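Okay, here's what each chain looks like letter by letter:
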Amino acid sequence: MDITILGIESSCDDTSAAVIRGGRLLSNVIASQEVHRQYGGVIPELASRAHQQNIIPVVDRAIREAGIGMSDLDGIAFTRGPGLLGSLLVGVSFAKGLALSLDVPMMEINHLQGHICSHFIDLPDRDLPHPRFPFLCLLVSGGHSQIVLVKDYLDMEIVGTTIDDAAGEAFDKCAKLMGLPYPGGPVIDRLAKEGDPKRFKFAKPSVDGFNYSFSGLKTSFLYFLRDRMHEDPRFIDDNKANLCASLQATIIDILLAKLTKAAKQYDIRDIAIAGGVSANSGLREAIAEEGRKRGWRTFLPEFRFTTDNAAMIAVTGYFKYQRGEFAPMDISPVARISRM
């Protein structure tokens with residue numbers, strides 16, 4: 001009989017539950033928290049309270065949409081970290097209680113590892129393309145920018161990471177400087193399609209190895225706007241599309257420069273992207289174009305698997321279940337995880 005896993009994701013501000021059976025996705029339910037928009041960022045206390053309200057109906061809906069009963073579950077996978085401790089605690093506690101009541105094992109999941117394993121989800125009606133081991137994955141989100149060497153489903157090595165800010169954070173903070181709504185990344189992506197990516201030039205920090213840095217870019221962008229606004233108070237309003245296009249192009253150039261360097265050094269041609277920023281249309285197009293030029297096989301996740309979701313947690317739990325890697329009942333969430 002195929003293994004059936006319930007996944008629970010609560011690392012930030014989305015409460016999600018999903019059911020995977022034999023590697024195939026049966027359901028994936030996400031409850032987003034709109035309350036944070038008015039604050040321009042996620043408020044941890046509000047997020048944890050919303051998770052408490054959402055988790056029971058979200059899990060119930062995921063089970064019903066999957067067409068199964070609770071007794072059909074073989075195991076429960078949950079996000080242990082990294083993330084907001086209050087939010088993680090809700091998911092971890094619920095997983096413990098449910099696993100205890102059903103007498104099934106639990107699997108703790110590294111949230112970042114889950115993003116990468118989203119490339120191994122299959123749908124009920126079709127198989128999706130999967131990268132071959134070893135492959136490189138560019139993992140980009142609001143909190144992380146990493147190049148990961150993926151040797152197996154659960155064997156991953158971070159070969160490059162940001163030494164300060166993440167790419168998604170750079171998008172959101174620069175968007176805030178322009179007066180754009182939160183989250184700013186998708187807004188910049190939309191406006192960039194109407195602008196000239198070569199109109200303005202911004203700093204591209206030089207960092208050793210495969211590591212990234214985006215703090216210098218943010219500072220460059222801030223001073224550029226300050227100086228131009230001093231000359232013309234309407235500068236941002238009159239150049240919003242060009243600013244977005246130029247900023248986005250700069251971030252993509254920084255990301256791809258290190259990725260192509262890593263692909264050459266490791267002699268790898270299967271290249272994937274994952275994480276929230278992997279939904280950015282400019283990045284997706286740039287990765288695909290780079291792949292055509294360099295002979296890569298490129299793997300872009302479906303949009304529903306780019307943001308935080310429980311499907312990626314469930315499929316990673318599926319691999320852990322097969323290996324008998326179960327979590328103890330006294331396990332606690334962690335805000336930071338330094339290794340994959």
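Residues numbered from 1 in each chain as written. Predicted model: local features only at pLDDT ≥ 70, side-chain atom pairs only at ≥ 80, totals over all residues. Heavy atoms only, no water.

1. Focus: the UniProt feature "binding site: substrate" (unreviewed entry) in the protein
According to UniProt, the positions carrying the feature "binding site: substrate" (unreviewed entry) are L139, V140, S141, G142, G143, D172, G185, D189 and N280. Restricting the annotated residues to those that line the second largest pocket leaves D189. Along the chain, V140 falls in strand β6 (residues 135-140). Among all residues touching V140, those that are not within four sequence positions of it are S145, A167, L255, A274, G275, G276, V277, S278 and L283. Within the secondary structure, G142 sits in the loop between β6 and β7 (145-152). Using a relative accessible area of 44% as the deciding quantity, one classes G142 as partly exposed. (UniProt positions renumbered as here; feature names shortened; annotations may be inferred. 1 Å grid on protein atoms, 1.4 Å probe; cavity = no way out; pocket = protein on both sides within 12 Å on 5 of 7 lines; lining within 4 Å. Helix = DSSP H or I, 4+ residues; strand = E, 2+ residues; numbered from the N terminus. Contact = heavy atoms within 4.5 Å. Buried < 20%, exposed > 50% of the residue type's maximum accessible area, 1.4 Å probe, protein only.)

2. Looking at helix α1 (residues 44-66)
With 23 residues, α1 extends 31 Å between its outermost C-alpha atoms, agreeing within 8% with the 33 Å of an ideal straight helix rising 1.5 Å per residue. By the largest-angle criterion, N54 marks the main kink of α1, which is about 40°, and a proline, P57, follows within four residues. Among all positions of α1, only A47, S48, A50, H51, N54, I55, V58, V59, A62, I63 and A66 are buried. For α1, the secondary structure elements touched by its buried residues are β1 (4-9), β2 (14-21), β3 (24-32) and α2 (85-102). Phi turns positive, to about 75°, at G67, one or two residues after α1. (Expected span 1.5 Å × (residues − 1). Bend = angle between axes of the 7 residues up to and from the residue.)

3. Focus: the nonpolar core
Grouped together as the largest cluster of nonpolar side chains are 48 residues, with contacts concentrated most on L138, I147, M178, F214, L243, I251 and L255. Counting only elements with at least two residues in this core, the list comes to β6, β7, α4 (167-177), α5 (184-192), α6 (215-231), α7 (235-266), β9 (270-274) and α8 (281-294). Among the elements that line this core, the one with the most residues is α7, at 14 residues. With sequence-adjacent residues up to four places away left out, I147 is seen in contact with L136, C137, L138, E157, I158, V159, G160, F210, Y212, K258, L259 and A262. By size, the runner-up hydrophobic cluster in this structure holds 34 residues, among which are A18, F120, A274 and F319. (Core = buried A, V, L, I, M, F, W, Y, C linked by side-chain atoms within 4.5 Å.)

4. A closer look at the packing of α1 against α2
The geometry of α1 relative to α2 is characterised by a closest axis approach of 8 Å and an angle of 30° between their N-to-C directions. Taken together, the axes of α1 and α2 are roughly parallel relative to one another. Once α1 is placed against α2, the crossing between them reads as right-handed. Contacts between α1 and α2 involve A47, S48, H51, Q52, I55, I56 and V59 on the former and, on the latter, G86, S87, V90, G91 and F94. Residue classes in the contact of α1 with α2 are distributed as six nonpolar, six polar and no charged. (Axes fitted to C-alpha atoms, helices over the stretch in contact; angles between N-to-C directions. Parallel < 35°, antiparallel > 145°, perpendicular 65-115°, else oblique. Left-handed = near helix turned anticlockwise from the far one by under 90°. Nonpolar A, V, L, I, M, F, W, Y, C, P; charged D, E, K, R; others polar.)

5. As for the side chain of S87
Inspection of the secondary structure puts S87 in helix α2. For S87, the contacting residues outside a window of four places in its chain are S10, S11, C12, A47, S48 and H51.

6. A closer look at the packing of α4 against α5
Two elements in contact, α4 and α5, have axes separated by 7 Å at closest approach and are oriented at 75°. It follows that α4 is roughly perpendicular to α5 by the angle criterion. Of α5, the residues touching α4 (which contributes F171, D172 and A175) are G184, G185 and I188. Its residues assigned to classes, the contact of α4 with α5 shows three nonpolar, two polar and one charged.

7. Looking at the environment of Q248
Inspection of the secondary structure assignment puts Q248 in helix α7. Residue Q248 is classed as buried on the basis of its relative accessible area, which comes to 7%. Spatially, the C-alpha atoms of Q248 and P197 are 7.5 Å apart, while their sequence positions differ by 51 residues. Among residues more than four places away in sequence, those in contact with Q248 are F171, I188, D189, A192, N280 and G282.

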